[in-house]
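# Structural characterization, general
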Amino acid sequence: MGMPEILASLKAAGETTRLRLLALCAQSELTVSELTRVLGQSQPRVSRHLKLLCDAGLLDRAREGSSVFYGLAQRGDGAHIARALLALLPRDDSLFMRDRQRLSSVAEERRESAAHYFRENAEKWDAVRSLYVDEAEVERALLGLVKVSEGAELVDVGTGTGRMLNVLAPKVRHAVGVDLSREMLAVARANLERAGLGNCVVRQADMYNLPFAPASFDIATIHQVLHFADRPADVVAEAARVLKPGGQMLIVDFAPHDLEYLRAEHAHRRLGFSDSQVRDWCQGAKLDLVETARLDGDPLTVCIWQARAMDAAHRVEKAA
Ligand SMILES: C[S@@+](CC[C@H](N)C(=O)[O-])C[C@H]1O[C@@H](n2cnc3c(N)ncnc32)[C@H](O)[C@@H]1O
């Protein structure tokens, strides 16, 4: 990076609102209306600041249907400068502290509306899913991909009604499903009991903070969960943390689409994911993206991204 570019980045960041925006977007990817609410400034003003930060390479901008998400830049010199500046910010500065508090209430409202949706839909979820693609086909593909070893342990992140456990638990020694929603877990427990799957348990826990030690599992599945997540990269990283070296991760979600009504009516936060997004998250989580399977449907395509947790030697080699 040359001196003019460094100066341009510093100039872009060198203003109070823009520093606040950088700090907020470092917490999670946010829309302009969420940022406007946190900052208490007009939308055109916030948009102008965001544009300057994006132009300087400090923020990434991702359009999804009618929403645009802003997050800290993932690549390039701007990404390094943004992180270096953020590391210097005092955590106890009153302005930044107030922004963090407001952000957490905005996020809480969003979580509550998703939780409400899940509460309302717990019983009906299996039916809702079948609107998207033929689940039997996805499940067959998953069964073909899952690598089972002697005594394998599986964790299913965002297990919902426990469908993945029903499908995959017969192949492993022990399986744990994790979900935040008690209602979903109640349905999952009923389903597991009905299937007589005594080698499974479900736990109420947050996918951003799994209650397991590092390297606890051989297989992690994240099935149709990430499009509800505020911070999908963090969900992948947390699941990777609990995978043993060489362990397998299977992420199932939609390819990018433009069915905006899924956001409004079904609480989807993201309209699918591209291979390059998933590759970036895997890289950040020390996973090798091994293969992507695509199951074309109408109108939605389901992708199965298969990744492997790097072993220590491989991590060093990749970092070098
Ligand atoms: C669409 S459902 C998918 C459920 C299941 N994996 C399946 O495919 O049937 C998404 C699930 O993610 C769960 N979830 C959302 N946020 C979560 C969080 N922070 N921690 C754990 N689970 C969460 C929801 O409660 C819901 O059960």
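Residues numbered from 1 in each chain as written. Predicted model: local features only at pLDDT ≥ 70, side-chain atom pairs only at ≥ 80, totals over all residues. Heavy atoms only, no water.

### Some points on the side chain of Thr159
Mapped onto the elements, Thr159 comes out in the loop between strand E4 (153–157) and helix H9 (163–168). A relative accessible area of 6% means that Thr159 is categorised as buried. Excluding residues within four positions of it along the chain, Thr159 makes contact with Leu165, Gly177, Val178, Asp179, Leu185 and Val202. (Helix = DSSP H or I, 4+ residues; strand = E, 2+ residues; numbered from the N terminus. Buried < 20%, exposed > 50% of the residue type's maximum accessible area, 1.4 Å probe, protein only. Contact = heavy atoms within 4.5 Å.)

### Thoughts on the packing of helix H3 (residues 32–39) against helix H4 (residues 43–55)
Interhelical geometry of H3 versus H4 gives an angle of 110 degrees and a closest axis separation of 9 Å. When the axes of H3 and H4 are compared, the pair comes out roughly perpendicular. Between H3 and H4 lies a crossing whose hand is right-handed. Here Val32, Ser33, Leu35, Thr36 and Leu39 of H3 come into contact with H4, specifically with Gln43, Val46, Ser47 and Leu50. Broken down by class, the residue content of the contact of H3 with H4 amounts to five nonpolar, four polar and no charged. (Axes fitted to C-alpha atoms, helices over the stretch in contact; angles between N-to-C directions. Parallel < 35°, antiparallel > 145°, perpendicular 65-115°, else oblique. Left-handed = near helix turned anticlockwise from the far one by under 90°. Nonpolar A, V, L, I, M, F, W, Y, C, P; charged D, E, K, R; others polar.)

### Topic: the domain arrangement of the chain
When cut into domains, the chain gives domain 1 (3–89) and domain 2 (125–319). With 11 residues of domain 1 at the interface, the matching set in domain 2 holds nine residues. Taking both sides of the interface into account, the surface hidden between domain 1 and domain 2 amounts to around 880 Å²; carbon and sulfur atoms contribute 31%. If you look at where domain 1 meets domain 2, you find one salt bridge. With a shortest N-O distance of 3.4 Å, Glu34 and Arg269 are connected by a salt bridge. The interface formed by domain 1 and domain 2 holds one residue pair in polar contact (both at pLDDT 80 or more) in total. The residue makeup of the side of domain 1 that touches domain 2, split by class, is two nonpolar, five polar and four charged. (Domains from an automatic or database assignment. Buried area = accessible area lost by both parts, 1.4 Å probe. Salt bridge = Lys/Arg side-chain N within 4 Å of Asp/Glu carboxyl O. Polar contact = N/O pair within 3.5 Å; in protein donor to acceptor, adjacent residues only side chain to side chain.)

### A few points about the packing of helix H2 (residues 16–27) against H3
At their nearest, the axes of H2 and H3 sit 11 Å apart, and the two run at 120 degrees to each other. Here H3 runs oblique to H2, going by the angle between their axes. Taken as a pair, H2 and H3 cross one another with a handedness that is right-handed. On H3, the residues that touch Thr17, Arg20, Leu21, Leu24 and Cys25 of H2 are Leu35, Val38 and Leu39. Here the residues of the contact of H2 with H3 are counted per class, giving six nonpolar, one polar and one charged.

### Focus: the environment of Gly160
Relative to the assigned elements, Gly160 resides in the loop between E4 and H9. For the pair formed by Gly160 and Ala26, sequence separation is 134 residues and the distance between their alpha carbons is 29 Å.

### Here's the deal with the pattern of salt bridges
Using the criterion set out here, one finds 10 salt bridges in the structure. Across the salt bridge formed by Asp230 and Arg269, the nearest N and O atoms sit 3.1 Å from each other. Residue Asp230 is located in the loop between strand E7 (217–223) and helix H11 (232–241), and its partner Arg269 is located in the loop between helix H12 (261–266) and helix H13 (275–284); the two are separated by 39 residues in the primary sequence. What makes Asp230 buried here is its relative accessible area of 13%.

### Observations concerning helix H5 (residues 76–88)
Listing the buried residues of H5 in full gives Gly78, Ala79, Ile81, Ala82 and Leu86. When H5 is viewed along its axis, its buried side chains cluster within an angular range of 165 degrees and face the same direction. Away from its buried face by more than 90 degrees, H5 exposes His80, Ala87 and Leu88. (Arc of directions from axis to C-beta.)

### Remarks on the side chain of His257
One can find His257 in the loop between strand E8 (243–254) and H12. Of the residues examined, His257 reaches a relative accessible area of 13% and is grouped as buried. A polar side-chain atom of His257 sits 3.1 Å from the main-chain amide nitrogen of Leu259. Aside from chain neighbours lying at most four places away, what touches His257 is Leu262, Leu271, Gly272 and Leu300.

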